[in-house]
Amino acid sequence: MRDLLSNLIIKYKKQIDYLEIRIEKSEIFRISFQGPTLDNIARSCNLGGSVRAMYKGGWGFVSFNSLGELDEKISLAIRQAKIVGKLNLKIPESVVTEAVVKVDIKNDPRKVLSNEKKKLFEHYNSILLSHSKKIQSTAVSYRDEVRTTYFANSFGAYIEQDRLDVVGTFNVIARDENNVKQAYESVSSRDSYDVVLNLDKQVLETAERALRQLLAKPVQAGDYTVVLDPKLTGVFIHEAFGYLSEGDNVYESDKMKEILVLGK
């Protein structure tokens, strides 16, 4: 991949002021259960990327999903940039960065048979469903993904990075007449399949949490002093005014400039 990107950059760099190519490829495996039903089991391989070209301040951008299209897409991005580029710019010198970052995988999920993964999460799902007659439904899923990103530009930079994600999720819905509650738990790892092993106790606690909520007293409307989990507090703050205060929203809206001032 490095030779491919380097050769393409060399081929086109004299035609523009700046050029970069980004490619991502991934291998994904998924399992999901809805209640007692195996809802999905699938494996997929994906590849895609983008080209950005800059000429006299004008930018061209093109995406692609096949390496066979790469030459054509670079040419298209360059043509786009030249259509809009009108400025006389001096491109600053840049420090050349080269890095290859590999994941230190302790237990590679790609080496675990699909049937083993299915049996494991089928077992976890059965723990939830059989724990109580008040457990109405479940949503249990597993995903592992190995993604590699490649980046090269006309300054001579080259970056290659691997990333592993292993994720297991457990959602339980409990019901007592018209009272419906749910509990959710998830586990994840960036270096090992082991994170989804030996979770019987944790899965059972998720079911218990949903059942305990059925016994919770409803809260009456009013003002209360509360103790909040720090992570949840951050979410509340972000949802309340974090989105609104994002720079592009404020910049593009005179009304937001009036609202989002200190003391208001």
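Our structure's up above, just so we're on the same page.
Cut-offs applied
Residues numbered from 1 in each chain as written. Predicted model: local features only at pLDDT ≥ 70, side-chain atom pairs only at ≥ 80, totals over all residues. Heavy atoms only, no water. Pairing = 2+ DSSP bridges. Helix = DSSP H or I, 4+ residues; strand = E, 2+ residues; numbered from the N terminus. Expected span 1.5 Å × (residues − 1). Buried < 20%, exposed > 50% of the residue type's maximum accessible area, 1.4 Å probe, protein only. Arc of directions from axis to C-beta. Patch = residues over 30% accessible without salt bridge, like charges linked within 9 Å, V, L, I, M, F, W, Y side chains within 5 Å. Areas by Shrake-Rupley, 256 points an atom, 1.4 Å probe, with all protein chains shown as cover. Salt bridge = Lys/Arg side-chain N within 4 Å of Asp/Glu carboxyl O. Axes fitted to C-alpha atoms, helices over the stretch in contact; angles between N-to-C directions. Left-handed = near helix turned anticlockwise from the far one by under 90°. Contact = heavy atoms within 4.5 Å. Nonpolar A, V, L, I, M, F, W, Y, C, P; charged D, E, K, R; others polar. Core = buried A, V, L, I, M, F, W, Y, C linked by side-chain atoms within 4.5 Å. Phe/Tyr/Trp six-rings, centres within 6.5 Å; stacked < 30°, edge-to-face > 60°. Lys NZ or Arg CZ within 6 Å of the ring centre and 35° of its normal.

> Would you mind showing me how to read the pairing of strand 2 (residues 37-55) here?
Working note: regular strand, side chains alternate between the two faces of the sheet. Note that strand 1 (residues 18-34) and strand 2 share 17 bridges and pair antiparallel. Bridging from a neighbouring strand, Tyr18 pairs with Met54 of strand 2. Remark: two residues form the turn of the hairpin made by strand 1 and strand 2, two consecutive strands paired antiparallel; Gly35 in that turn has positive phi of roughly 60°. The pairing of strand 2 with strand 3 (residues 58-64) spans seven bridges and is antiparallel. Pairing of Met54 across the sheet is with Trp59, part of strand 3.

> Is there a simple way to explain the pairing of strand 6 (residues 158-176) in this structure?
Where strand 4 (residues 98-101) lies against strand 6, four bridges are found, and the strand directions are parallel. Across the sheet, Val100 pairs through a bridge with Glu160, a residue of strand 6. Bridge count between strand 5 (residues 135-153) and strand 6: 17 bridges; the pairing is antiparallel. Opposite Glu145, over in strand 6, you have Asp165 as the bridge partner. Hairpin remark: strand 5 followed by strand 6, antiparallel, with four residues in the connecting loop; positive phi at Gly156, about 100°. Two elements, strand 6 and strand 7 (residues 179-189), share eleven bridges in a ladder whose sense is antiparallel. Within strand 7, the position partnered with Ala174 by the bridge is Lys181.

> Looking at this structure, I do not really get helix 4 (residues 200-214). What am I missing?
In an α-helix, one turn spans 3.6 residues, which is why side chains three or four residues apart end up on the same side. Taking 1.5 Å per residue as the helical rise, helix 4 with its 15 residues ought to reach 21 Å, and the 22 Å between its terminal C-alpha atoms agrees with that figure. Residues of helix 4 that are buried: Val203, Thr206, Ala207, Ala210, Leu211 and Leu214. On an axial view of helix 4, the arc spanned by its buried residues comes to 130°, and they lie on one face.

> I'm lost on a nonpolar patch on the surface in this one. Help?
Residues Val219, Tyr224, Val226, Leu228, Leu232, Val235 and Phe236 make up a contiguous nonpolar surface patch of roughly 690 Å² in combined accessible area. For Leu228, the location among the structural elements is in the loop between helix 4 and helix 5 (230-242).

> Would you mind going over the packing of helix 3 (residues 114-130) against helix 4 with me for this structure?
Each packed pair of helices is defined by two parameters, the angle between the axes and the distance between the axes. One way to put it is that helix 3 packs onto helix 4 with a least axis distance of 9 Å and a crossing angle of 35°. Like other packed secondary-structure pairs, helix 3 and helix 4 cross with a definite hand, here right-handed. Between helix 3 and helix 4, the contacting residues are His123, Tyr124, Ile127 and Leu128 on the first element and Asp200, Val203, Leu204 and Ala207 on the second. Classifying every residue of the contact of helix 3 with helix 4 by side-chain character gives six nonpolar, one polar and one charged.

> Even after reading the chapter, I still don't get the nonpolar core, so can you show me in this structure?
Within soluble globular proteins, side chains that are nonpolar generally end up buried alongside one another. With 28 residues, the main nonpolar core has Phe121, Tyr124, Tyr142, Phe170 and Val196 as its most contacted residues. Looking at this core, the elements with two or more residues in it are strand 1, helix 3, strand 5, strand 6, strand 7 and helix 4. Among residues more than four places away in sequence, those in contact with Phe121 are Phe33, Val140, Ser141, Tyr142, Gly168, Phe170 and Val196. Residues Leu8, Ile9, Ala53 and Ala152 belong to the second largest nonpolar core, which totals 20 residues.

> What is the right way to read the packing of aromatic side chains from this model?
Ring pairs (aromatic) are described by centroid distance and by the angle formed between their planes. By the definition in use, this model includes eight aromatic pairs. Pairing Phe121 with Tyr124 gives two aromatic rings, centres 5.4 Å apart and planes at 85°, and the pair type is edge-to-face. Remark: Tyr124 and Phe121 occur in helix 3; sequence separation between them is three residues, near one turn of the helix. Like Tyr124, Phe121 is buried. Here Phe121 and Tyr142 contribute two aromatic rings whose centre-to-centre distance is 5.2 Å and whose plane-to-plane angle is 50°, an arrangement assigned as tilted. Placement of the pair is Phe121 in helix 3 and Tyr142 in strand 5, with a sequence separation of 21 residues. The pair formed by Phe121 and Tyr142 is uniform in burial state, with each residue classed as buried. Taken together, the ring pairs in this structure connect Phe29, Phe121, Tyr124, Tyr142, Phe170 and Tyr193 into an aromatic cluster. Here the basic side chain of Lys82 rests over the ring of Tyr55, its NZ or CZ set 5.3 Å away from the ring centre.

> Sorry if this is basic, but what is going on with the side chain of Lys117 here?
Note that Lys117 resides in helix 3. A residue is classified by how much of its surface remains accessible, and Lys117, at 0% relative accessible area, is buried. Not counting the four nearest positions on each side in its chain, Lys117 is found in contact with Phe29, Ile31, Pro109, Val112, Tyr142, Asp144 and Tyr193.

Any functional reading would require information beyond the geometric quantities listed.
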